[in-house]
Amino acid sequence: SNRVTFDMNLLNSPNTLDSYYEIINRYQQIFDYVKGDNTTEVYTASNLLPFTLYSSFEHMSKFRLCRWIYQNGQMKTPNSLAEMQVDPKIVKAHKKLSESVKQCPKTYFIWDSNIFLSFIKEIKYFASLNLISKDDVMHLKEELLQLLGVVEHLSIKGEFSENKKVSFYLSNISFEATYSYIEKHDYQVSLLRVYSINSMDSQSSYICQMQRNWIQSLKRHSILVSESGEAQRIAFLQKQLEVINTL
């Protein structure tokens, strides 16, 4: 049969925030399962800033949650992030996810060269609707600058910490979605980003092989800017800085 199955990770909880927590927990379970194995490799080809890199930033993670609430339309969107009370279990889950991702032995990011742009556009859009305040925009800008500093530091060092390698590639090809592929010696899973923060995933060996081949193909058409490609790295960082400074 040519059929393969995808888990859509459809949400069981009628409560929007409980649903959100379920999604974060789902990602956490995958990383908990793979992070301790020295054969683990994580590949993400992304045209949007990966949440796992900024989940520990207070305002950026609040903004993402606010945007998700707004898109789901199931509860009132706050008029400022400062007013937004986030359940401590969600804050804790964000931080735990951020830590777990950094514990995998090999991580590869393949990025669109305008990766910060869509996040900036969304901030401007939400500000224009008065869903976030001018103060929020300034806090978000500060955190985006901090994140850019983190990306610069990681790309120069090439590791999250000792024996936890991270590589950044800049793609010369635009791609439409965020594709992830995670493998260790006895396990593989492919994830495709859908519905803003959720992912559908598949452990089908056929789908995983296709996803792996597609990401490897993108990687071949990309420039490595961690621990090398200094001129391209500087140009990329400068481009992101200019975009952030439009806030």
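You'll find the structure just up there.
Residues numbered from 1 in each chain as written. Predicted model: local features only at pLDDT ≥ 70, side-chain atom pairs only at ≥ 80, totals over all residues. Heavy atoms only, no water.

A. Broad picture of helix α3 (residues 58–72). With 15 residues, α3 extends 21 Å between its outermost C-alpha atoms, agreeing within 8% with the 21 Å of an ideal straight helix rising 1.5 Å per residue. For α3, a buried count of eleven out of 15 residues is recorded, marking the element as mostly surrounded by other parts of the structure. Listed in full, the buried residues belonging to α3 are His59, Met60, Ser61, Lys62, Phe63, Arg64, Leu65, Cys66, Arg67, Trp68 and Ile69. Immediately downstream of α3, the backbone of Gly73 shows phi near 60°, a positive value. (Helix = DSSP H or I, 4+ residues; strand = E, 2+ residues; numbered from the N terminus. Expected span 1.5 Å × (residues − 1). Buried < 20%, exposed > 50% of the residue type's maximum accessible area, 1.4 Å probe, protein only.)

B. Broad picture of a nonpolar patch on the surface. Taken together, the side chains of Tyr70, Tyr125 and Leu129 make up a nonpolar region of the molecular surface, amounting to roughly 280 Å² of accessible area. Position of Leu129 relative to the elements: it lies in the loop between α5 (117–128) and α6 (134–157). (Patch = residues over 30% accessible without salt bridge, like charges linked within 9 Å, V, L, I, M, F, W, Y side chains within 5 Å. Areas by Shrake-Rupley, 256 points an atom, 1.4 Å probe, with all protein chains shown as cover. Salt bridge = Lys/Arg side-chain N within 4 Å of Asp/Glu carboxyl O.)

C. Structural view of α6. Relative to the 34 Å expected for 24 residues at 1.5 Å per residue, α6 spans 35 Å between its end C-alpha atoms, a close match to the ideal helical length. All of the buried residues along α6 are Asp136, Val137, Leu140, Lys141, Glu143, Leu144, Leu147, Leu148, Val151, Leu154 and Ser155. Looking one or two residues past α6, Gly158 carries a phi angle of roughly 75°, positive in sign.

D. Fine view of empty space enclosed by the protein. Per the stated rule, a full pass over the model turns up two cavities of 30 Å³ or more. Quantified by volume, the largest cavity comes out at close to 510 Å³. If you go around the largest cavity, you meet 32 residues; those closest to its centre are Pro50, Phe51, Thr52, Thr178 and Ser180. Class assignment of the residues belonging to the lining of the largest cavity gives a composition of 19 nonpolar, nine polar and four charged. Taken as a whole, the second largest cavity encloses approximately 40 Å³ of empty space. Along its surface, the second largest cavity is lined by Trp111, Val151, Ser155, Phe168, Val225, Arg233, Phe236 and Leu237. Looking at the lining of the second largest cavity, the elements that each hand over two or more residues are α6 and α8 (230–244). Per-element accounting of the lining of the second largest cavity gives the leading share, three residues, to α8. (1 Å grid on protein atoms, 1.4 Å probe; cavity = no way out; pocket = protein on both sides within 12 Å on 5 of 7 lines; lining within 4 Å. Points joined across faces, edges and corners; volume = space filled by probe spheres on them. Nonpolar A, V, L, I, M, F, W, Y, C, P; charged D, E, K, R; others polar.)

E. Local environment of the pairing of strand β4 (residues 164–171). Of all eight residues that make up β4, six are buried, and the element is covered over most of its length. Pairing of strand β2 (residues 106–111) with β4 involves six bridges; the strand directions are parallel. By the bridge assignment, Thr107 is partnered in β4 with Val166. Two strands pair when backbone bridges link them, and strand β3 (residues 159–161) and β4 are joined in this way by two bridges, in the antiparallel orientation. In the strand pairing of β4, Ser161 is matched with Lys164. Hairpin remark: β3 followed by β4, antiparallel, with two residues in the connecting loop; positive phi at Asn163, about 65°. (Pairing = 2+ DSSP bridges.)

F. Layout of the packing of helix α1 (residues 16–34) against helix α4 (residues 88–101). Where α1 meets α4, the closest approach of the two axes is 10 Å, and the angle between their N-to-C directions is 25°. When the axes of α1 and α4 are compared, the pair comes out roughly parallel. Between α1 and α4 lies a crossing whose hand is left-handed. Contacts between α1 and α4 pair Leu17, Asp18, Tyr20, Tyr21, Ile24, Tyr27, Gln28, Phe31 and Asp32 from the former with Lys89, Ile90, Ala93, His94, Lys96, Leu97, Ser100 and Val101 from the latter. (Axes fitted to C-alpha atoms, helices over the stretch in contact; angles between N-to-C directions. Parallel < 35°, antiparallel > 145°, perpendicular 65-115°, else oblique. Left-handed = near helix turned anticlockwise from the far one by under 90°. Contact = heavy atoms within 4.5 Å.)

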